[in-house]
Amino acid sequence: MSTSANNQKLGTFAGVFTPSILTILGLILFLRMGHVLGSAGLGKALLIICLANLISILTSFSLAAIVSNYKVKGGGDYYLISRTLGVEFGGAIGIVLFLAQSISIAFYCIGFGEAMASIVVTEIPFFPQISAALALGGLFLLTWLGADWATKFQYLIMGTLVLALISFFSGALQQWSPSTLVANWYGNPQSSDFWILFAIFFPAVTGFTQGVSMSGDLRDPGKSLPLGTFLAVGLSFLVYLAVAVVFSGALPNDTLARDYHAMKRVASWSFLIDAGVVAATLSSALASFLGAPRILQSLAGDRIFPFLIPFAKGSGPNNNPRRGILLSLTIAGATIGLGQLDLIAGIVTMFFLISYGLLNYATYFEARSQSPSFRPRFRWYHKTISLAGFLACLGVMMAIDLKIGVLAVAILFAIYQYLQKTSGPARWADGQRSYQLQQARKSILAAAEEIEHPRDWRPYLLALSDSSERRCQLLSFATWIEGGSGLTAAVHFIQGEGIRIQRLRHQAEQELRADINRCNSDAFPLVINGSDPTTGLQTLIQSWGIGPMHANTLLLNWLEQGPDQAREKRELLYGKNLRLAYLQGCNLIIWSGDEESIAALAEKDGEEKRIDVWWNGDKTSRLILLLAYLLTRNEEWTGATIRLFALNYDSSSAENEKHLAAQLAETRIKTAAEIVTKMDSDTIVSHSSEAALTFVPFRLRGDLLEDLSGKPVEGLLSRLQMVALVLAAEDLDLDAEPEEGGMAEVVAALDHFEHSQKRAQLARKEADKAVEAAQATLAAIERSGKNFPEDLLLRIEAAREARNTADQALHRASKEEAKSAVASKAVEELGSKTE
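Residues numbered from 1 in each chain as written. Predicted model: local features only at pLDDT ≥ 70, side-chain atom pairs only at ≥ 80, totals over all residues. Heavy atoms only, no water.

Novice: Lay out the state of the cysteines in plain terms, naming residues and giving numbers.
Specialist: Note: disulfide means a covalent bond formed between the sulfur atoms of two cysteine side chains. Across all of its chains, the model carries one disulfide by this definition. For cysteine 472, the disulfide goes to cysteine 519, at an S-S distance of 2.2 Å. With cysteine 472 in helix α21 (residues 468-482) and cysteine 519 in the loop between α22 (499-518) and β3 (524-530), this pair connects stretches of sequence that are 47 residues apart. Both residues of the pair, cysteine 472 and cysteine 519, count as buried. (Disulfide = S-S within 2.5 Å. Helix = DSSP H or I, 4+ residues; strand = E, 2+ residues; numbered from the N terminus. Buried < 20%, exposed > 50% of the residue type's maximum accessible area, 1.4 Å probe, protein only.)

Okay, here's the thing in structure tokens:
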């Protein structure tokens, strides 16, 4: 930005403090403050003032924290919320904020009309609305010319407001009476409800974010916004408290409640109150007129709603949003037709409570994510302040009008859902990802604290493929066997080292991401390089994952066709790498299928989507059955059935069938089971040629892959539709009880430790008693030794026996305590092993 352009920007006083204080000390102060005091009484009125300002103060803390964390551009509250909570929340609140500001223009213009109607005595019909429309036209001209012209007009308004307040205080203090103040402490019991009066008053404190709406026109938003906002909020709070106390001591409640222009009765110069009302309403309307189009311009510039894109265009060196000004003019003009100030006040209150609530929540959301990037320059902040502000806004909304509050939240949620479905990729980084990473960290740490159990097993897959053409089908199968519960890393290996390889790794990762997106997969891309594939694979299996999440399954495509000699060498290397992975505890799955078979799956009905499982009653069989079940949890396999062929029986006798049924019942996986006594590739083909997918166990003999009959698996793959060859390195317990596994070992060790501890404590007590008895015997000998010398030898022997008994008890206690210490150490070691 050029120096001349930056010099045209606004500072703290002109850009933040002035528009904020003029909007706060506005219409409500001069035309509705007396009504609130007279209806509620001074006690409740002070409570209303404090509660409303509490919300503004809490929100100011949130505002100060978030605007001092990064550079704020045009759009005010919308910009802050959208850059924190994302496109959906940002778009929803952007619409709400624009409407709130545009309706506020009409709200203040109607107040101007009411003031003019009290000043000018006329019988012209709809004179307040006509006056409001004329004021709207004049303000339109000022905003059309630009923010610099409007801010110059604000200084004249501020001077008028200061004179009006001087006139009020000087006159009211002369009429102030302690007895009147005491009499006005309680209001009329038959007056308006507390929350209705709160809704009427609350727009008085909504002006403190006007500076945020002007953020695009500020020289240093990060510095000006916190300082200007707190000064405006603090000063206006003191003014409202002072006005309430002085006003209640000058006039009785009946007059205050009935006469909207009661302030003129006590002022030294009543014409200054009229001037103050005019100035206050016009200044507040002007501030809203400046803010609303800039919110719309920022919203349109983000291209969230296509129909709003034309409003992104600005005019002049300061990018004045003239198209947004015209739309705000239209909305305000239509609202003026209502002509009901209190009704519009309630609507404005709801809109601003929503926006302030979300602003507080956005700041809390950002702080709670513990992101290292959240480093606000404003130091007097804690996330609980923002949470309290959010809850206060929500609670007040519901208290004012539960139905309207629920409706407002529902509308906001509806816009959010619409944008979630229709919005494209975000054009900025928001706080969502940071929050999700923090939640992932918490979850991983919490899971690491728990003891591992067979019930927790999930497939964490390393899908290896160097062929972009065959990668998509492999990733599709990986998604199937994840079953919505596991994770997949799509791995590509590059052989070589050095600087040149880093460039190739970057290119390969981009291609890998493109393949993942094209295949509509949720896999994570991972490119590794090394001196040779075998070393790279070993390192990958040992290092992939974090905490309790680590690779447990290796997934590969079956070898491509090629020259016989080259293929034989590749098969040996293929088998060697598979064996290394197996020895490191990785389950092996080899996928054989093509895109045509996957595409044909969508045309099959439930019965045709048959999954065949070849079962041998071992750990590979249990893994296969679980993978087949996970497959059925995918939408593509809806209605699929699992058929199981058992190979681990010598006959299909009733007893064997009963045994098989009992085994399968424990897995809680629905299957149609059949015993097959002959095992060879022809048998598998004859039974499974019509299956959509067949799971077959295999084994490694040396570096060669064989089926259970000892024949090469290659002869089987080309004769079936889709095949998954499986070899399990882990033994999964498909019917594990909560008390089994590592937990059972820890519980047993704990029980042993507690038992040892109790025995040690009991032994120590017995030893202590024995020592006491020995000491008592010796003491008795000493006392009676002179009286009974003939029994001295007997008494000495008794003392010796008591001492021996005590020594033995102490020895037993020491042994039991040692056993207890060993048991405690065993518990600790077992706990560390199972984590």
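Novice: Kindly report on the environment of leucine 578, identifying the contributing residues and their values.
Specialist: Examined against the element boundaries, leucine 578 turns out to sit in helix α24 (residues 564-583). Linking leucine 578 and leucine 705, residues 127 residues apart in sequence, is a C-alpha distance of 9.4 Å. Beyond its immediate stretch of four places on either side in the chain, leucine 578 contacts Leu554, Leu556, Leu588, Ile590, Leu700 and Leu705. (Contact = heavy atoms within 4.5 Å.)

Novice: Help me get a handle on α22, residues and values and all.
Specialist: Taking 1.5 Å as the rise per residue, α22 with 20 residues should run 28 Å; its terminal C-alpha atoms sit 29 Å apart, in good agreement. Within the span of α22, buried status applies to Ile501, Ala508, Leu512, Asp515 and Ile516. The arc that holds every buried residue of α22, seen down its axis, measures 90°, which confines them to one face. Exposed and facing more than 90 degrees away from the buried side of α22 are Ile499 and Asn517. Where α22 is buried, its residues meet α21, β2 (487-495) and β3. Where α22 terminates, the next one or two residues include asparagine 520, which has phi positive at roughly 55°. (Expected span 1.5 Å × (residues − 1). Arc of directions from axis to C-beta.)

Novice: Can you lay out a negative patch on the surface for me, pointing to particular residues and giving the numbers?
Specialist: A contiguous patch of negative charge on the surface is contributed by Glu449, Glu450, Glu452 and Asp456. Turning to its location among the elements, glutamate 452 is positioned in the loop between α20 (432-449) and β1 (460-464). Residue classification places glutamate 452 among the exposed residues on the basis of a relative accessible area of 53%. (Patch = residues over 30% accessible without salt bridge, like charges linked within 9 Å, V, L, I, M, F, W, Y side chains within 5 Å. Areas by Shrake-Rupley, 256 points an atom, 1.4 Å probe, with all protein chains shown as cover. Salt bridge = Lys/Arg side-chain N within 4 Å of Asp/Glu carboxyl O. Lys, Arg positive; Asp, Glu negative; His and termini not counted. Charge placed at Lys NZ, Arg CZ, Asp CG, Glu CD.)

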